[in-house]
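These are the residues of each chain, in order.
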Amino acid sequence: LYPQYSEVTRLNRMPRRYESSVRAERAGENRDRLVSAAHGLFLRQGWTKTTMTQVAAAAGLARPTVYLHFDTKVDLLIACIDTSLSEIPVRDRADYQAMGKGTPLQRAATAARWLRGAYERSASIQRVLDDAAVSTPEAAQAQTRMEQRRHDEFANACRLVLGGRLPPNALVDEVWALGSRAMWFKLAECGWSPDDWEAWFVRVVLDATHTHGAKG
């Protein structure tokens, strides 16, 4: 006349699992709304003028909700940067892996195209971190970590362009420095288009590999 205990337990748990799934989905949606709102505010107002209260209001959420997802404003800014870069780990992206295919010229062209795309998606929001690093120690620490990560990715990209061979440190440093977002913005301010930058960066990569004796 009565379900087995295991069946009762299963029936009792189903609503809880459903509620848990709904809560998780809602939490994810709230986080996305906060990141989207913060991204817009950071770009329009900059680091100093943007507050967590403004972010919450722009997202249509209560201020405490922001702190359920992000401990600090720096954490929120890092989430904006990560979201703008890629939802897929960089080294798993097909356009990144393609740097290891084709002739040296084709690989250099792929590297330039990939970096251009990354900067078009993320350079402006990363510039907010550069500004924040001037006055906020936590932001300066985050910037240092991200620059180290960027250097590591440049080293791996150089390895791909060289057909899998370990690149000389000097080659990595040169390409990393010339391929910085500071250089991206500086040349843009001089009137360079993204196409101009991309063609130039192909030459940078090819010249650097030739100079350092690392032909592909």
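Refer to the preceding data block for the structure.
Residues numbered from 1 in each chain as written. Predicted model: local features only at pLDDT ≥ 70, side-chain atom pairs only at ≥ 80, totals over all residues. Heavy atoms only, no water.

Asks: Account for the overall build of the protein chain, with residues named and values stated.
Replies: Secondary structure assignment for the protein chain yields ten helices and zero strands. Taken from the N to the C terminus, the helices and strands of the protein chain come in the order α-α-α-α-α-α-α-α-α-α. Among the 216 residues that make up the protein chain, the fraction classed as buried is 39%. A fraction of 69% describes how many contacts in the protein chain between residues 6 or more apart in sequence connect residues 24 or more apart. (Helix = DSSP H or I, 4+ residues; strand = E, 2+ residues; numbered from the N terminus. Buried < 20%, exposed > 50% of the residue type's maximum accessible area, 1.4 Å probe, protein only. Contact = heavy atoms within 4.5 Å.)

Asks: A description of the packing of helix α9 (residues 181-189) against helix α10 (residues 194-211) should follow, citing residues and the corresponding values.
Replies: A packed helix pair is summarised by two numbers, namely the angle formed by the two axes and the spacing between the axes. Where α9 contacts α10, the axes come no closer than 10 Å and their chain directions differ by 130°. With respect to each other, α9 and α10 are oriented oblique. Both α9 and α10 take part in a crossing whose hand is right-handed. In this structure, α9 uses M183, W184 and L187 to contact α10, whose residues at the interface are P194, W197 and W200. A breakdown of the residues in the contact of α9 with α10 according to their chemical character gives six nonpolar, no polar and no charged. (Axes fitted to C-alpha atoms, helices over the stretch in contact; angles between N-to-C directions. Parallel < 35°, antiparallel > 145°, perpendicular 65-115°, else oblique. Left-handed = near helix turned anticlockwise from the far one by under 90°. Nonpolar A, V, L, I, M, F, W, Y, C, P; charged D, E, K, R; others polar.)

Asks: Account for the side chain of T65, naming residues and giving values.
Replies: Within the element layout of this structure, T65 appears in helix α3 (residues 63-69). For T65, a relative accessible area of 15% gives the class buried. Leave out the neighbours within four places in its chain, and T65 touches N30 and L34.

Asks: With reference to specific residues and values, describe the packing of aromatic side chains.
Replies: Within a pair of aromatic rings, the relevant descriptors are the distance that separates the centres and the angle that separates the planes. In this structure the tally under the stated criterion is nine aromatic pairs. Between the aromatic rings of Y96 and W114, the centroid separation amounts to 5.1 Å while the plane-to-plane angle is 75°, which identifies the pairing as edge-to-face. With Y96 in helix α5 (residues 94-97) and W114 in helix α6 (residues 104-135), this residue pair connects regions lying 18 residues apart in the sequence. Overall, W114 belongs to the buried group, its relative accessible area being 14%. Taking the centre distance of 6.0 Å and the plane angle of 85° together, the rings of W192 and W200 count as edge-to-face. Classification of W200 by relative accessible area gives buried; the value is 15%. Of the aromatic side chains, those joined through ring pairs into one cluster are Y119, W184, W192, W197, W200 and F201. Against the face of W47 rests K73, its NZ or CZ located 4.2 Å from the ring centre. Here R127 stacks its cationic end above the ring of F185, 3.9 Å away from the centre of that ring. (Phe/Tyr/Trp six-rings, centres within 6.5 Å; stacked < 30°, edge-to-face > 60°. Lys NZ or Arg CZ within 6 Å of the ring centre and 35° of its normal.)

Asks: Got a sec to walk through the environment of Q106? Specific residues and values, please.
Replies: Here Q106 shows up in helix α6. When the C-alpha atoms of Q106 and V202 are compared, they prove to be 9.2 Å apart, with 96 residues separating the residues in sequence. At 2.8 Å, the side chain of Q106 and the backbone nitrogen of T103 are in polar contact. (Polar contact = N/O pair within 3.5 Å; in protein donor to acceptor, adjacent residues only side chain to side chain.)

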